[in-house]
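Summary of the model geometry
Next come the chains, spelled out residue by residue.
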Amino acid sequence: MSNMRLVRCVEERQTNPEQISKGKLYWIDDNTRYRDFDGDEYGKIYLDEEKKYYIGNLKMRHFE
């Protein structure tokens, strides 16, 4: 069973707007999701389901 899930970007990063694009589809590895001490949720984001093209460890609020 794959832990990868397809998500859509709903908000670009203000500090690095070129990293992800609003409306574009990305893959998240649900096994990497965690919540930090401030309550923000993060996860590892990829361009592909095979995890060859890693984008970064990003806040989940950027995706739906």
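One can find the structure itself at the top, above this paragraph.
The following paragraphs examine the structure supplied in this document. Computed from a prediction, not measured in an experiment: that's the story for all the values here.

**A short note on the pattern of salt bridges**
It is possible for side chains of opposite charge to pair when their charged atoms get near one another. Under the definition given, this model contains 7 salt bridges. Across the pair E11 and R61 runs a salt bridge, and its minimum N-O distance is 2.7 Å. Of this pair, E11 sits in the loop between β1 (4-8) and β2 (25-35) while R61 is found in the segment after β4 (54-59), placing the two residues 50 residues apart along the sequence. It is possible to trace a salt-bridge network through shared partners that takes in R5, D30, R33, R35 and E41.

**Let's talk about the sheet that holds β2**
An order of β1-β2-β3-β4 is seen for the 4 strands of this open sheet, with the pairing classed as antiparallel. Since the sheet does not close on itself, it has two edges, and those belong to β1 and β4, each with one partner. For this sheet, the mean angle separating the axes of adjacent strands, direction not counted, is 40°.

**With respect to the environment of D30**
Relative to the elements of secondary structure, D30 occurs in strand β2. Counting along the chain gives 13 residues from D30 to P17, while the straight-line C-alpha distance between them is 23 Å. Those residues within four positions of D30 in sequence are excluded, and the remaining contacts are N3 and R5. Within the structure, the side chain of D30 is placed 3.0 Å from the side chain of R5, a separation counted as a polar contact.

**Re the pairing of β2**
Two elements, β1 and β2, share 5 bridges in a ladder whose sense is antiparallel. Within β2, the residue paired with R5 across the bridge is I28. When β2 meets strand β3 (residues 41-46), the two strands line up antiparallel, connected through 5 bridges. Paired with R35 across the bridge in β3 is E41. Where β2 hands over to β3, the hairpin turn is made up of 5 residues, of which G39 adopts a positive phi near 95°.

Cut-off values and rules
- Residues numbered from 1 in each chain as written.
- Predicted model: local features only at pLDDT ≥ 70, side-chain atom pairs only at ≥ 80, totals over all residues.
- Heavy atoms only, no water.
- Salt bridge = Lys/Arg side-chain N within 4 Å of Asp/Glu carboxyl O.
- Helix = DSSP H or I, 4+ residues; strand = E, 2+ residues; numbered from the N terminus.
- Pairing = 2+ DSSP bridges.
- Axes fitted to C-alpha atoms, helices over the stretch in contact; angles between N-to-C directions.
- Contact = heavy atoms within 4.5 Å.
- Polar contact = N/O pair within 3.5 Å; in protein donor to acceptor, adjacent residues only side chain to side chain.

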